[in-house]
Every structure is written in structure tokens, then in C-alpha cells.
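Residues per chain are reported as follows:
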Amino acid sequence: MAGMHETPTMAAAQAGDPLCQSGRPVLSDPNGDFARHYNRQSFCFEHGLKGNPLFELDSLVALSQRLPAHPDFAYWSNGPVSVNDPWEKGMAARHSLQDTIAGIAGNNSIVILKHTEQDPVIGPVLREILSKFVEYAGAQMRDDVIVGESLILVSSPKRITPYHFDAELNYLVQVTGDKTFSVFDHTRALQVTDEELEGYFSGAPSAAKYRDANQANATVYDLKAGQGIHIPVTAPHWVQNGDNISVALSINYELKSVARRAKSYWLNHRLRKLGMTPASPGTSNFRDSLKTASATSLQGLRSLVRAAPPAPTWQVWTPS
Ligand SMILES: [Fe+2]
């Protein structure tokens, strides 16, 4: 695999955080990395959740049984996938959620447990780390966050997570196992195109398309348990697990600035289907404001004529 390998610096450990079983703090930031690189570029950091028994498989099976049995709370996929596959791959005929987690060592699967920061057992430590990322990044983040969420990702040895990008600001926290993690620059049009962004923000979660020729431009991290990576909004990434079970957290945040940009991409998607070549968001504040207002009106009209699917309600985490 081509690409630059980065070696993270070891963060100074501080003792005394009651939430961290290892005696290390959940998170520390001795070098100011979280504010300096916030949503600009990926970087590697250290954390204190490695070895925490809350993330052992038995605990995660029990957690999955406490979550509501609804797709909003769990995603899982069984069987082999490639870097190009969509999220739907491996969902047609599945083991149960609990069997998938319990057998993760041998079933070539991935499980994503959602809204886990609300769980009575594991939630406190996850809400602690949600707060820490905001504290270290400062006002630039705190003033922009709508809600934060913790996902727990459990995946098999050698499992691939296909190439994709996310609308949420993300901190990937590796608790167990190791993986090779490729991240691409979200600011370079060659690596993420307007058409991909427009498709994604119009409801196609697998709109990002992996291109072999781009792999040489990736930053490739050899990620170990006890380390994490910051992934800026819409920075494409894909993952190859090592030869061991992986348990990781995706600590992510919905941002007001992204919600505005999403409306422009949504409208541009429709303009492009009409044969136009719309300007990218960010090239004109005035044009962006017009597009945001237009998209808000159009999306409001569409919601009036479409029946909303029933979904459970749940508490959300917001910065204090
Ligand atoms: Fe992701």
C-alpha cells in the first residue's frame, strides 16, 4: 500500500481520572493538537481507553441487548466486502446482532452500535470523551456543534471498512486491535468531487468512489490500540483491520456549518440534473446564502408531501 506512514507522538499521561480503568486520562492534549488541526487535517493522538473492560465482547453483547431493536441503533454486515462496496453489502442474510458480536473473531463482520453515549453503563465514559474533544478544540468547535454521538465499531480480523466519507466531524478511537487507516484530503477536488458530495448530501451514503490512482495521495496510519485519528468532515477514508479483533469508537459531531453547506450541495445536485454546472459552496457567501434559503424552502415543501417514517426517540448529547 502506498502512502505516507505517520508515527504519533506519545502524549504525557496524567493520573487520577476516575473514568479510566488503566489509570490514564480518557484524553489529554499536551501539544494543543486538537485546536490547531481541528477540521483541517487528520492527525493521530493518544487516549486512555485501551484495556477498559467496558469494551470487552461480553460487555458489548450486553450493551447490544440494552439498545432498542431498531435500525437507528445498530448496523451490521456479515461476510467479505471490498474497498469499493456500498454499506448495503452483507446485510441481505445476516446472523443476529448478538451472534455477530459474539462470533466476531471468525465471521468477517462489522457491527456499529449507535447512540451508545446514552447507555446507563457505558455512557458516562463516552460522554466524558465527547466533552474532552470539545474542550480541547475550544470555541471554534463548541460554537458549531449541534449534537455529539458515540458509535462503537466492532469488526473481525482483516475486515475491510469500505471507502466513504461522513457528514460528521469524527474522532476514531482505537480501543482494541490494530488497523491500517487511509485518510484522504477533503480539500482537494481530485480526492473528493462536487458530484460525490452532492450525491451524498442528497441521500446516497455510498456516493464516494474509490480510485486506485488516488491511494498514493492518502495519509496512511498504522493505528494501534490506545491511539486515535481525527478525521475532518467529508475527508474520505477506508480501513483494513490487522490480524485481530478491532473495537473502536467513532466519536462524532453534527455541525451547524455542515448543515448549511449540505443544503447547497443538495440544491446543486438538482441543478446539475437539470443540465447546469453549479458553483461549489464556498465560492460566494451571497450565493451560498441564497442556496441555503432556497433549499430550506424546497425541503420543507417535500416534507409536506412525504410521510415521515416512524422512528424511536432518544436523548441527545450537546456541549454543556
Ligand atoms: Fe467513517
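All values derive from a computational prediction rather than experimental measurement. (Residues numbered from 1 in each chain as written. Predicted model: local features only at pLDDT ≥ 70, side-chain atom pairs only at ≥ 80, totals over all residues.)

### Considerations on the nonpolar core
Nonpolar side chains tend toward joint burial in soluble globular proteins.
Phase 1: Counting 65 residues, the largest nonpolar core has I129, V154, V173, V175 and I229 as its most contacted members.
Phase 2: Looking at which domains feed residues into this core, each of domain 1 (4-255) and domain 2 (259-304) supplies at least three.
Phase 3: Setting aside residues no more than four positions away along its own chain, V175 makes contact with L49, K50, N52, F55, A225, V247, A248 and L249. (Core = buried A, V, L, I, M, F, W, Y, C linked by C-beta atoms within 7 Å. Buried ≥ 20, exposed ≤ 12 C-beta atoms within 10 Å, placed from the backbone. Domains from an automatic or database assignment. Contact = placed C-beta atoms within 7 Å.)

### A word on the sheet that holds strand β4 (residues 109-113)
Phase 1: Taken in spatial order, the seven strands line up as β2-β10-β7-β12-β5-β4-β3 in an open sheet, and their pairing is antiparallel. Every other strand in the sheet has two partners, leaving β2 (43-46) and β3 (74-78) as the edge strands with one partner each. Across the sheet, the mean angle from the axis of one strand to that of its neighbour is 20°, orientation sign disregarded.
Phase 2: Relative to β4, β3 runs antiparallel, the two being bridged by five bridges. Each residue of the ladder has a partner; that of A74, found in β4, is L113. (Pairing = 2+ DSSP bridges. Helix = DSSP H or I, 4+ residues; strand = E, 2+ residues; numbered from the N terminus. Axes fitted to C-alpha atoms, helices over the stretch in contact; angles between N-to-C directions.)

### Some thoughts on the pairing of strand β12 (residues 246-255)
Phase 1: The buried count for β12 comes to eight of 10 residues, which makes it a mostly enclosed element.
Phase 2: Pairing between strand β5 (residues 145-155) and β12: 10 bridges, direction antiparallel. Among the inter-strand pairings, V147 is bridged to a residue of β12, identified as E254.

### Examining the confidence of the model for the protein
Phase 1: Scored by pLDDT, the protein comes out at a mean of 85, with 84% of its residues at no less than 70.
Phase 2: Long-range and interchain partners of residues 1-22, a stretch whose pLDDT sits below 50, account for 50 contacts in this model, where long-range means more than four residues apart. (pLDDT = per-residue confidence, 0-100.)

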